[in-house]
Structures are given as structure tokens and as C-alpha cells.
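Secondary and tertiary structure notes
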Protein chains: 2
Amino acid sequence: MELPALDRRSVVPLYYQIQRRLLEQIRAGTLKAGEPLPSEQEISERLGVSRMTARQALKSLCNLGVAYSQRGRGTFVSRMKLEKNFRQVLSFSEEMEARRSRPGSKVIAFEAVSAPTDVSAALHLKAKEKVIRLKRVRMADSRPMGVECTCLPLALCPDLLQRFDPQTSLYRTLSERYGIQIVLADEVAEARLATSEDARLLGISKGSPVFFFTRTAYLQSGQPAEYVKSTYRGDRYKITNRLTHQNKVNSLGRN
Amino acid sequence: MELPALDRRSVVPLYYQIQRRLLEQIRAGTLKAGEPLPSEQEISERLGVSRMTARQALKSLCNLGVAYSQRGRGTFVSRMKLEKNFRQVLSFSEEMEARRSRPGSKVIAFEAVSAPTDVSAALHLKAKEKVIRLKRVRMADSRPMGVECTCLPLALCPDLLQRFDPQTSLYRTLSERYGIQIVLADEVAEARLATSEDARLLGISKGSPVFFFTRTAYLQSGQPAEYVKSTYRGDRYKITNRLTHQNKVNSLGRN
DNA sequence: AAGTGGTCTAGACCACTCG
DNA sequence: GAGTGGTCTAGACCACTTG
């Protein structure tokens, strides 16, 4: 296993260069599922880096879920498939892109309103503070997928009503024009039957199964930035999740 | 802010002792949401540890989602609520316990069978390899919540049929008797209408909204250990998720 | 006994943010 | 310019697993 030397003049950190190489070898099949990765010691000697740096590279692979470590034994390639497409904080546009579908929207409402109590509670706003409300039917390849009603604090993006074209990606506009990065969202999903309004907007029968989502999205600081209620067609939508057994904050929680 | 000295003779790692202290202060409100945590430098000097150890403590808080770091600025307490109860890999028993409900089961089937194709595909088994099949109605406080059908490779727990009391927790038995630890699961959820069999077992009307889950659970090595199909009542069950914006393995993925 | 990962030290240089 | 987190080094001791 001959490896080219690391680029020490690069701005790319050494541990990251090492991570990418190992990832390549895993993908190429040189390192197979269940097999041990080179040990910290070995990486350290072969590539001429300190053991801490080698360790950081291996740890980053563990964080990606690509490998796992066992004390006293070694670090091994996970048998898990990589390609799986999990649920992330994605805009509808990004999600459709990932599915290789063409995203679209039909705008039903786009306005500034006083926040109802559930919205102001979720967004930590003062009573009757203004929010921007955007209600859209979301389409994939021109077929209706769901109805989405988004509320954003007006204070966060004061001139959004003027500057945003509601046919385009909201998240992209928030990021490019306001530097707003949503990194995390809490979501509650329920199984329900379509109401007559849902049915009309989505082109399904009343009483069809639907997902009902209530989602609050947060900035890195933990400040809530978006509150969304949406209804998605049960026949065209599935939720895919990867559940982990993270140690709870209450009990353990070591690294 | 007076802190007692660290216990250097303890088996508990220093970084972990520091993490717990900071966590206590966050919980107690001494450190408030949005405020900076002590810097790596400061922790290092005040507690007499190296900067790397201080850093590890802060990083572990970031991994828990309790704090976040900004280069050049500092590490801050997240504004996110801690108490939220997210979806993890939990057995039904653990999940009900977390909800303060009493778990129960009505066993419908408990047997060894040849794996159907979907099961053998999910569990990476050879064609017609044997699995243990356990079908139960799951109850919370004696009320039916869902129907669950679990398949486990027989090779993984050869005498489970004799040793397991299907009224008790399967995960607890797997852990205690076989050392099998499930650390991760991939799950697909669909919104559907109850079939007549679902309706009969769950005490609801045919055509009521239900969640339909297909779940594959994995050991740390990535080896699949369990395949479950289940149907849960839409009126008594919600899915709560925290979605993150993890960098993908394909593109970036730095720490 | 040899090899592994887990923790820890005492330094160092850098890029970044802020006043 | 002072302070911050991000990366990196060259050592060290430990607990654990395996032959």
C-alpha cells in the first residue's frame, strides 16, 4: 500500500488529508468492510505525522460513521452502507435535488402578519411580533407533494417580502442575502387523514393518509429562525431516519 | 466562580470531569444560553490541565449539542432546550419508560422460520437461512399502541426461543444474555390507513391513520442484527426527530 | 509480551475576530 | 494587538485485547 506524501504546504489540514485518503480506499474497496484500518501508530510512522494527528484522522472517520474503534483491538471499517440517504436539515429544493426531481412551488400566501401564539412560542417572540408567512404547495416534477406554511421572524430578514422571489429556494436566499444558516431542526411528524382543503390542494381524496409535520429550525447559536407546518402526501413521501444510541446528556455522554 | 480541584486519582478522565462541571453550571443557570464558556486558555490555567485537555472538554460539550464554537470568538452555550426527547435507538420498553408509561405485550407469534426475501436481504442472510420471528401487540398502560414484527438471525442467538420470555424486553435479553448491543438503526416511516387486521389488533377503525415502520438495526460493526416491520396508531404516536446538517461523506466532512 | 486505542502534557504556529 | 479556537508535535502512562 504505497501512499504519496502529504502536502504540508497546503491549507488543508493534515488530519483531513489523511481522512480523505482512507475514505478513498474504503470506497475503492482496498479497505473492506470489517477490516482494520491502519493503526494510529502505523499512520504516524508511515506518513510522518504525530500520533495525535493520525488519531484525529481516524476519529473523524468514526464521527462520519464510516469506521468504529475498539480499545485494545483497533479501528475497523464499518459494515454499514454509505450511500443511504438520510434525513438532514434540507430545504425542499435540496431534498428534491437529492432525489433527482425538479422542485417547484405554487404560492398561496406571502405576507407579513402578527404571529399566532403557537408561532410566537416556537420562535421565542414577543406577543404579536410580526412574522413573514409563506404558504406554498410544493411540487416535484410538477406533481404536488405537500402543503407547507413557513413562518420567519420579520426582524431576522426585514425586507424579505421585497427581495425574495417565492418561486425560488427560501433557504438559498436566507443564506446568500442575510447570512442566515440553518444548521438544525426539531421536527414532529404525525400520521393523519387529508382534510378537504389538503385534498383540494394536493389532488388527492379527502381521508387519504398524509404526514403532518411541525418543524422548528435553528441557527448554530440555538436561536429559532423558522417555524413550519406542513402536510405531505402519504403515497409520495417517506421519512428515512438513522437513529443513533447517543449517550444522553443526563447520564453518561463520554467521547 | 470558584471551582473545587479536579480529582487526579480518579479513574474518570479529567476532560470528562470538566465537561460535567460545565454541564452542571449550564443546567444551574450560572452559565446562561448565548453566553461564552470559559476559554480553553482559561480552563487550562484555572484547573491546571493542558490546553488539549481543556479543549477536549469543550469539544465534548459541542458534540452533545450543548455548546458551539466560533473560531476567533469563543465557545458559547447553545440556546437550544436540553430537555427535548429525541428519537434514539430505543427498545419499546425503554421508549415507554421515557414516557413514564408501563410497557406491555401480547404475543401473537414466536417461532423460528425461513427468512422471506425482504428479511434475508435486510439482514444480509443466505437464502432461506433461519430467523426468529416475534410478532407482538405493544401496549402502553394496557392500551394497544402498535403491532410489531421482529426478525433476528437465528445464528446470532441460537437458543433465544428457549431462553427469552416474550413478555419481557427483547433488547435487555439480547444485551444481558448474548452481549448483543444495538447501537444504530435505519428506519423508514410511511403514513398509511389501518388494514382490517391492524384495526382488529389495535382496537381502532379500519381506515384510521397509522404509521408503518420498516427498521433495520445494526451492531457497532455495522452488521445487521434485527429487521422490524411495525404499524403504530396515528392517534397515539408521534415521531420526534432532531435533524442536523452534517457534512456529507461525499463532499466535505471536516471536524 | 506486544500491539491497540484512551488520555494527558507542554509546548508551538496559524487564522480569525474584535476593540 | 490581544484573545480566541484550529492544528500539530513528540513525547508519556494507562487499560485493554490477543496470541
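Position numbers for residues count from 1 along each chain, tracking the sequence in the order it is written. Chains and ligands are labelled sequentially in the order written, the chains with letters from A and the ligands with numbers from 1. Local features are withheld for residues below a pLDDT of 70 in this predicted model, meaning they are given only at 70 or higher, and side-chain atom pairs are given and counted only at 80 or more; totals for whole chains, interfaces and linings count all residues. Working from all heavy atoms in the structure, the side-chain values ignore hydrogens and water.

Where helices and strands are cited, they refer to DSSP runs of H or I of at least four residues and of E of at least two residues respectively, numbered from the N terminus. Secondary structure summary: chain A contains eight helices and nine strands in total. The atom set for the radius of gyration is the C-alpha atoms, and the globule formula is 2.2 Å times the number of residues raised to the power 0.38. Its C-alpha radius of gyration of 23 Å places chain A more than 25% over the 18 Å reference for a compact globule of 255 residues. In terms of overall dimensions, chain A has a C-alpha envelope of 65 × 40 × 40 Å along the principal axes. Only protein chains enter the accessibility calculation, which uses a 1.4 Å probe. A residue is then buried if its area is under 20% of the maximum for its type, exposed if over 50%, and partly exposed in between. Taking all 255 residues of chain A together, the buried fraction comes to 49%. The contacts in chain A between residues at least 6 apart in sequence include a share of 57% that link residues at least 24 apart. For chain A, the computed accessible surface area is about 13,000 Å², with 48% contributed by carbon and sulfur atoms. We call two residues in contact when some of their heavy atoms are within 4.5 Å. Using a 1.4 Å probe, the Shrake-Rupley method yields the accessible areas, and only the shown protein chains count as cover for residues.

Residue and element names in this part refer to chain B. The term salt bridge refers to a side-chain nitrogen of Lys or Arg lying within 4 Å of a carboxyl oxygen of Asp or Glu. Following the criterion strictly, the structure yields 22 salt bridges over all chains and no others. Residue Glu 40 pairs with Arg 55 through a salt bridge whose shortest N-O separation is 2.8 Å. Of this pair, Glu 40 sits in helix 2 (residues 40-47) while Arg 55 sits in helix 3 (residues 51-63), and the two are 15 residues apart along the sequence. The class of Arg 55 is partly exposed, set by a relative accessible area of 36%.

The next subject is the packing of helix 1 (residues 14-28) of chain B against helix 3 of chain B. Residues and elements named next belong to chain B. Axis lines are fitted through C-alpha atoms, for helices just across the contact stretch, and the angle between N-to-C directions can take any value from 0 to 180 degrees. Put simply, helix 1 and helix 3 touch, their axes get as near as 8 Å, and they point 50° apart. Between helix 1 and helix 3, the interaxial angle falls into the category oblique. In terms of crossing hand, the pair formed by helix 1 and helix 3 is right-handed. Side by side, helix 1 and helix 3 meet where Leu 14, Tyr 15, Ile 18, Gln 19, Leu 22 and Leu 23 of the first sit next to Thr 53, Gln 56, Ala 57, Leu 58, Ser 60 and Leu 61 of the second. Class assignment for the residues of the contact of helix 1 with helix 3 results in eight nonpolar, four polar and no charged. Each angle gets one of four labels, with under 35 degrees taken as roughly parallel, over 145 as roughly antiparallel, 65 to 115 as roughly perpendicular, and the rest as oblique. Crossing handedness follows the turn of the near helix against the far one: under a right angle anticlockwise gives a left-handed crossing, and clockwise gives a right-handed one. The classification used treats Ala, Val, Leu, Ile, Met, Phe, Trp, Tyr, Cys and Pro as nonpolar, Asp, Glu, Lys and Arg as charged, and all other residues, Gly among them, as polar.

Okay, the relation of the copies chain A and chain B next. What sets the superposition is a least-squares fit of C-alpha atoms, and only residues with pLDDT of at least 70 in both copies go into it. With an RMSD of 0.1 Å, chain A superimposes on chain B once it is rotated by 180° and translated 0.0 Å along the axis. Such a combination of rotation and displacement between the chain copies is what one expects of a two-fold axis. When C-alpha positions in chain A are compared against the rotation axis, the closest is assigned to A:Ala191, at 2.7 Å.

Another aspect to go through is the protein's contact with DNA strand C. Around DNA strand C, 27 residues are found, and the nearest of them are A:Arg51, A:Arg55, B:Arg8, B:Leu14 and B:Thr53. Counting only atoms of DNA strand C within 4 Å of the protein, the sugar-phosphate share comes to 70%. B:Thr53 has a polar side-chain atom sitting 2.6 Å from a phosphate oxygen of DNA strand C. B:Gly72 places a polar main-chain atom, nitrogen or oxygen, 3.5 Å from a sugar or linking oxygen of DNA strand C. The leading source of residues in the surface near DNA strand C is helix 3 of chain B, at four residues. Any residue with a heavy atom positioned within 4 Å of a molecule or strand is treated as near that molecule or strand. Two N or O atoms form a polar contact when they lie within 3.5 Å of each other; inside protein one atom must be a possible hydrogen donor and the other a possible acceptor, and for residues adjacent in sequence the pair counts only when both atoms belong to side chains.

A separate point is the sheet that holds strand 8 (residues 224-233) of chain A. Strands were regarded as paired on the criterion that DSSP finds at least two bridges between them. Read from one edge of the open sheet, seven strands run 3(A)-4(A)-5(A)-8(A)-7(A)-6(A)-9(B), paired in antiparallel fashion. Bordering the open sheet on either side are strand 3 (103-114) of chain A together with strand 9 (239-244) of chain B, each of which pairs with just one other strand. Taking the axes of each pair of neighbouring strands and ignoring which way they run, one obtains an average angle of 20° across the sheet. With ten bridges joining them, strand 4 (residues 130-140) of chain A and strand 5 (residues 143-153) of chain A adopt antiparallel strand pairing. Of the residues in strand 5 of chain A, the one forming a bridge with A:Arg138 is A:Gly146.

Residue and element names in this part refer to chain B. By the burial criterion, the buried members of helix 7 (residues 170-178) are Leu 170, Tyr 171, Thr 173, Leu 174 and Tyr 178. The arc that holds every buried residue of helix 7, seen down its axis, measures 165°, which confines them to one face. Where helix 7 is buried, its residues contact strand 4 (130-140), strand 5 (143-153), helix 6 (160-163), strand 7 (209-218) and strand 8 (224-233). Gly 179 sits one or two positions beyond helix 7 and adopts a positive phi of about 65°. Think of it as the arc spanned by the lines of direction from the helix axis to the C-beta atoms.

Pairing in this open sheet of seven strands is antiparallel, and the strands run 9(A)-6(B)-7(B)-8(B)-5(B)-4(B)-3(B) from one edge to the other. The two strands at the open ends of the sheet, each matched to only one other strand, are strand 9 (239-244) of chain A together with strand 3 (103-114) of chain B. In this sheet, adjacent strand axes meet at a mean angle of 20° when their direction is disregarded. Lying over the sheet, helix 7 of chain B contacts strand 4, strand 5, strand 7 and strand 8 of chain B, oriented at roughly 35° with respect to strand 5 of chain B.

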